[in-house]
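So you can see what is in the structure, the chains are spelled out below.
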Amino acid sequence: MKFKDSSKRRVILFIAMSLDGYIADEQGSVEWLEQIEGEGDNGYNDFIEQVDTIFMGRHTYEVIQGFDMPFPYQDKQCYVFSRSSQQADEHVTPIQEELTSWVPQQLEQSGKHIWLMGGGQLVHEFLQHHWIDEMIITIAPVMLGSGIPLFREGFPTSSWIAQETRSYGQLVTLHYVKPDLLQSPAPDQQ
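It should be emphasised that the depicted structure is a prediction, and the values quoted were computed from it without experimental measurement. (Residues numbered from 1 in each chain as written. Predicted model: local features only at pLDDT ≥ 70, side-chain atom pairs only at ≥ 80, totals over all residues. Heavy atoms only, no water.)

(A) Layout of the environment of Pro-179. Here Pro-179 lies in the segment after β10 (171–177). Judged by relative accessible area, which is 34%, Pro-179 ranks as partly exposed. Between the C-alpha atom of Pro-179 and that of Glu-134, which follows or precedes it by 45 residues, the distance is 9.8 Å. (Helix = DSSP H or I, 4+ residues; strand = E, 2+ residues; numbered from the N terminus. Buried < 20%, exposed > 50% of the residue type's maximum accessible area, 1.4 Å probe, protein only.)

(B) Summary view of the pairing of strand β9 (residues 161–168). Bridging between β9 and β10 involves 7 bridges; their strand directions are antiparallel. Of the residues in β10, the one forming a bridge with Tyr-168 is Leu-171. (Pairing = 2+ DSSP bridges.)

(C) Summary view of the side chain of His-124. Along the chain, the position of His-124 falls in helix α4 (residues 120–128). For His-124, a relative accessible area of 9% gives the class buried. If we skip the residues at most four places from it in the chain, His-124 touches Arg-152, Glu-153, Gly-154 and Phe-155. (Contact = heavy atoms within 4.5 Å.)

(D) Spotlight on helix α3 (residues 99–108). Among all positions in α3, only Leu-99, Trp-102, Val-103, Gln-106 and Leu-107 are buried. Along the long axis of α3, the arc covered by the buried residues comes to 130°, so they all point the same way. Residues of α3 that are buried sit in contact with β1 (11–18), β3 (51–57), β4 (77–81), β5 (92–95), β6 (113–118) and α4. (Arc of directions from axis to C-beta.)

(E) Structural detail: the pairing of β1. Extensive coverage of β1 is indicated by the burial of 7 of its 8 residues. Sheet topology note: the β1/β6 ladder contains 3 bridges and is parallel. Within β6, the position partnered with Leu-13 by the bridge is Leu-116. Taken together, the 7 bridges between β1 and strand β7 (residues 134–140) define a ladder with parallel strand orientation. Counterpart to Ser-18 in the pairing with β7 is Ala-140.

(F) Seen up close, the side chain of Lys-76. Here Lys-76 lies in the loop between α2 (58–65) and β4. Among the polar contacts made by the side chain of Lys-76, one reaches the main-chain carbonyl oxygen of Val-51 at a distance of 2.8 Å. Among residues more than four places away in sequence, those in contact with Lys-76 are Ile-48, Val-51, Asp-52 and Ile-54. (Polar contact = N/O pair within 3.5 Å; in protein donor to acceptor, adjacent residues only side chain to side chain.)

(G) Just the pattern of salt bridges, in detail. With the rule as written, the count across this model stands at 6 salt bridges. Salt-bridge contacts for Arg-9 lead to Asp-52; the nearest nitrogen and oxygen are separated by 2.8 Å. Here Asp-52 lies in strand β3 and Arg-9 lies in the segment before β1, a separation of 43 residues in the sequence. Given the relative accessible area of 5%, Arg-9 is considered buried. With a relative accessible area of 23%, Asp-52 lands in the partly exposed category. (Salt bridge = Lys/Arg side-chain N within 4 Å of Asp/Glu carboxyl O.)

(H) Structural context of the environment of Leu-150. Within the secondary structure, Leu-150 sits in the loop between β8 (148–149) and β9. For Leu-150, a relative accessible area of 0% puts it in the buried group. Excluding residues within four positions of it along the chain, Leu-150 makes contact with Leu-13, Ile-15, Met-17, Gly-21, Tyr-22, Ile-23, Gly-120, Val-123 and Ile-137.

See below:
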């Protein structure tokens, strides 16, 4: 895969969801993911080396804080988006600014790619503004029946190009890219 401008910073949604499209249960828990047998690190290490910045919603940050381990992204610039006031801490910078002015400024800065970690409302807002360049979605063979959906209603229609499908044990990862980011093949390669 060749990108038109390989030096351009991209926003990559890297997330897991249930077979029926939920990223968390109704209580916001992702414990159901621990029951699934993957393979190795399920592609995580290859992905995390590409990013130096992480965008996440407040609830996603709270879930991470609840894990029984040190904050796992200490070497990344982490921003937490919240409509309510939140204190900065040693790991994250809270963002309460209007996204339409703040996000485009971040996309113009130099650096590695940006991981859009979640949650559902933040993903929805990024889809509405066409800020997601790639989606790497891992599907777990669990049906939750209800919960927090990855894709909420009300975002504009968009087309994507499938780049890769991989299996990691019981998990299947789908990788999609915006068509306008890819170079067209040379005429002699068509």
